[in-house]
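Reading the structure
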Amino acid sequence: MDWTRGKTIGRGSFATVSAALVHRTGEVFAVKSVEYSKSELLQREDKILSSIKCPHIVSYKGCDVTNENGKNMYNLFMEYVSGGAVSDVIQKSLLDEFTIKSYMRSIILGLEYLHLEGLVHCDIKGSNILIGLDGAKIADLGCAKWINEGKEMPISGTPLFMAPEVARGDDQGFAADIWAIGCTVIEMATGHPPWVDVIDPVSALYRIGFSGEVPEFPSFLSNEAKDFLSNCLRKDPKERMTATQLLKHPFLDSHSKQIQNLFRHNSPTSILDSDFWDSMGETESPLNLTHIGYLNSNSPIERLKRLSCPITPNWTINDDWVTIRCEQHAIATTSGSDSVWVSDDEEAEELYEGSSDELVNNYFRDINSICSISTSRRDCNSFSRRDFVRSSNVTKHEHFMLSFSTILLEL
Ligand SMILES: Nc1ncnc2c1ncn2[C@@H]1O[C@H](COP(=O)(O)OP(=O)(O)OP(=O)(O)O)[C@@H](O)[C@H]1O
């Protein structure tokens, strides 16, 4: 598969995650990379991720080895999840209890799947939970292990999220993930991990493993939420609820129908996905997407396809810009509040003469309630990232931006 690496979207302790693009289809995906000589853990993650499939876990898309700047790199391809990690989201604004419930329901459905498959995640925490338009997804199976690997595998994970039996080095089973779920609820509600007053990982492990304390519950949470926490944060792992039991706890169950309605929609692969637009017209998602109107799904595709641009896209992302260039410059852009051009190619433009207003109206109806894109016609093959982040919901704009670039490259 020919692909191009784009902007770095995350850095973990051992790997770098970048956005990337498939040349042939224009599909956007995420690639986790590390030097081949240090790729043992990433190859293990590859093996685990490729063996599972669940809508609440980031999906596997393949792997390869590249030579970049004289170094061999091992690359693991995954679905790109547009909203980023929960730990980053809460740095911008804390989550309310309703949103925590929504995310938790997806996360625990993913965890239930892993546990039924015999896998312990071993590193549940906010930075390993990604937010997509269809809810939260578990990521980073780099520490995961099969339950029957038992003591052959070393204890792994993040000290502040470790259960007492893990901190003592006794055991790391399914119940350890449940403890980490409790810690993640605290992180989502307060903006920081539990045990705020510990000064280093060693004292954290000692306190968690031997003090007999449990993390402090945020006082502002509802009684239901506190009860949920108390069922996750039991010192004795045998007393903790299982993922299946947690799904029936009133904290998650009471709103499950409402939440399912909100997350009913699949994440669109492009903005021409009619379900995406139709659903957005009906309801707001918990990410507070504003109403963005309906799209007449058929005619724009047909008409856009008439552009028949033989695409050799050059797609780059850096900190401020997403630039999409095509051989014939056939590209959609907008100038100011309500005008959209589909191309800066004269021949292609002729095709649209007399119809571009209609096209614009069908294709980008209510676009200004998403964001105001003010790229001028002059730079019509560039989209300014700054323009997308101007209004409040960056996540939504980033998603839109990538969906948008996807369609353009699909044409
Ligand atoms: N599929 C994805 N889509 C979007 N962003 C992602 C994706 N995977 C990872 N990221 C981003 O990259 C960051 C690091 O990824 P990840 O946790 O997998 O790396 P790691 O090296 O295993 O980290 P850790 O330090 O937890 O071991 C995440 O917190 C997230 O911001």
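Calculation rules
- Residues numbered from 1 in each chain as written.
- Predicted model: local features only at pLDDT ≥ 70, side-chain atom pairs only at ≥ 80, totals over all residues.
- Heavy atoms only, no water.
- pLDDT = per-residue confidence, 0-100.
- Contact = heavy atoms within 4.5 Å.
- Buried < 20%, exposed > 50% of the residue type's maximum accessible area, 1.4 Å probe, protein only.
- Helix = DSSP H or I, 4+ residues; strand = E, 2+ residues; numbered from the N terminus.
- Arc of directions from axis to C-beta.
- Axes fitted to C-alpha atoms, helices over the stretch in contact; angles between N-to-C directions.
- Parallel < 35°, antiparallel > 145°, perpendicular 65-115°, else oblique.
- Left-handed = near helix turned anticlockwise from the far one by under 90°.
- Nonpolar A, V, L, I, M, F, W, Y, C, P; charged D, E, K, R; others polar.
- UniProt positions renumbered as here; feature names shortened; annotations may be inferred.
- Polar contact = N/O pair within 3.5 Å; in protein donor to acceptor, adjacent residues only side chain to side chain.
- Core = buried A, V, L, I, M, F, W, Y, C linked by side-chain atoms within 4.5 Å.
- Domains from an automatic or database assignment.
- Salt bridge = Lys/Arg side-chain N within 4 Å of Asp/Glu carboxyl O.
- Near = heavy atom within 4 Å.
- Areas by Shrake-Rupley, 256 points an atom, 1.4 Å probe, with all protein chains shown as cover.
- Phe/Tyr/Trp six-rings, centres within 6.5 Å; stacked < 30°, edge-to-face > 60°.

**With respect to the confidence of the model for the chain**
Averaged over the chain, the pLDDT score is 70; the fraction of residues at 70 or greater is 61%. Across residues 262-411 the pLDDT falls below 50, and counting only partners more than four positions away or on other chains, this stretch makes 273 contacts in the model. The complex prediction reports pTM at 0.66, with the ipTM value standing at 0.95.

**Here's the deal with helix 6 (residues 201-210)**
Residues Ala204, Ile208 and Gly209 constitute the buried set of helix 6. Down the axis of helix 6, the smallest arc covering the buried residues is 115°, so these residues share one side. For helix 6, the exposed residues lying more than 90 degrees away from the buried face are Val202, Tyr206 and Phe210. Tucked into the core, helix 6 has its buried residues touching helix 4 (164-167). Glycine 212 sits one or two residues past helix 6 and shows a positive phi near 80°.

**Looking at the packing of helix 3 (residues 97-116) against helix 5 (residues 174-190)**
Their axes nearest at 11 Å, the elements helix 3 and helix 5 cross at an angle of 165°. Taken together, helix 3 and helix 5 sit at an angle that is classed as roughly antiparallel. For the pair helix 3 and helix 5, the sense of crossing is right-handed. On helix 5, the residues touching Ile100, Tyr103, Met104, Ile107, Ile108, Leu111 and His115 of helix 3 are Phe174, Asp177, Ile178, Ile181, Thr184, Val185, Met188 and Ala189. Here the residues of the contact of helix 3 with helix 5 are counted per class, giving 12 nonpolar, two polar and one charged.

**Focus on the UniProt feature "binding site: ATP" (unreviewed entry) in the chain**
The UniProt record annotates "binding site: ATP" (unreviewed entry) at Lys32. Residue position: lysine 32 is located in strand 3 (residues 28-35). Once residues within four sequence positions are removed from consideration, lysine 32 is found in contact with Phe14, Ala15, Thr16, Val17, Leu42, Glu45, Tyr74, Asn75, Leu76, Met78 and Asp140. Reaching out from lysine 32, the side chain makes a polar contact with the side chain of glutamate 45 at a distance of 2.9 Å.

**Considering the nonpolar core**
Counting 71 residues, the largest nonpolar core has Ile57, Met104, Ile107, Ile108, Ile181 and Phe228 as the members making the most contacts within it. With 10 residues, helix 5 is the single largest residue contributor to this core. In terms of domain composition, this core takes at least three residues from each of domain 1 (3-79) and domain 2 (86-262). Once residues within four sequence positions are removed from consideration, isoleucine 57 is found in contact with Leu49, Ile52, Glu79, Gly110, Tyr113, Leu114, Lys137, Ile138 and Leu141. The next biggest cluster of nonpolar side chains, apart from the first, holds six residues, and it includes Trp3, Val22, Phe29 and Val31.

**Concerning the pattern of salt bridges**
Considering all chains together, one arrives at 15 salt bridges under this definition. When the shortest N-O distance is used, the salt bridge between glutamate 27 and lysine 61 registers 3.0 Å. One end of the pair, glutamate 27, is in the loop between strand 2 (16-22) and strand 3; the other, lysine 61, is in strand 4 (residues 60-68), and 34 residues separate them in sequence. For glutamate 27, a relative accessible area of 32% puts it in the partly exposed group.

**Focus on the site of the ligand**
Around the ligand sit 22 residues, and of these Ser13, Lys32, Glu79, Ser127 and Asp140 come closest. In the environment of the ligand, an oxygen atom lies 2.7 Å from a nitrogen or oxygen atom belonging to the side chain of lysine 32. Within the complex, 92% of the 620 Å² of free accessible area of the ligand lies under protein. When contributions to the shell around the ligand are tallied by element, the ones reaching two or more residues are strand 1 (3-11), strand 3 and strand 5 (71-79). Residues belonging to the shell around the ligand are distributed by class as follows: 11 nonpolar, five polar and six charged. Among the domains, domain 1 (3-79) and domain 2 (86-262) are the pair contributing at least three residues each to the shell around the ligand.

**So, the packing of aromatic side chains**
For the coordinates displayed, the defined rule picks out six aromatic pairs. Ring geometry for phenylalanine 29 versus phenylalanine 77: centroids 5.1 Å apart, planes at 75°, classification edge-to-face. With phenylalanine 29 in strand 3 and phenylalanine 77 in strand 5, this pair connects stretches of sequence that are 48 residues apart. Ring plane angle 50° and centroid distance 4.8 Å describe the contact between phenylalanine 228 and phenylalanine 251, whose orientation is recorded as tilted. Here the residue phenylalanine 228 occupies a position in helix 7 (residues 223-232), and phenylalanine 251 occupies one in helix 9 (residues 250-253), the gap between them amounting to 23 residues. In this structure, phenylalanine 228 and phenylalanine 251 share a single accessibility class: buried.

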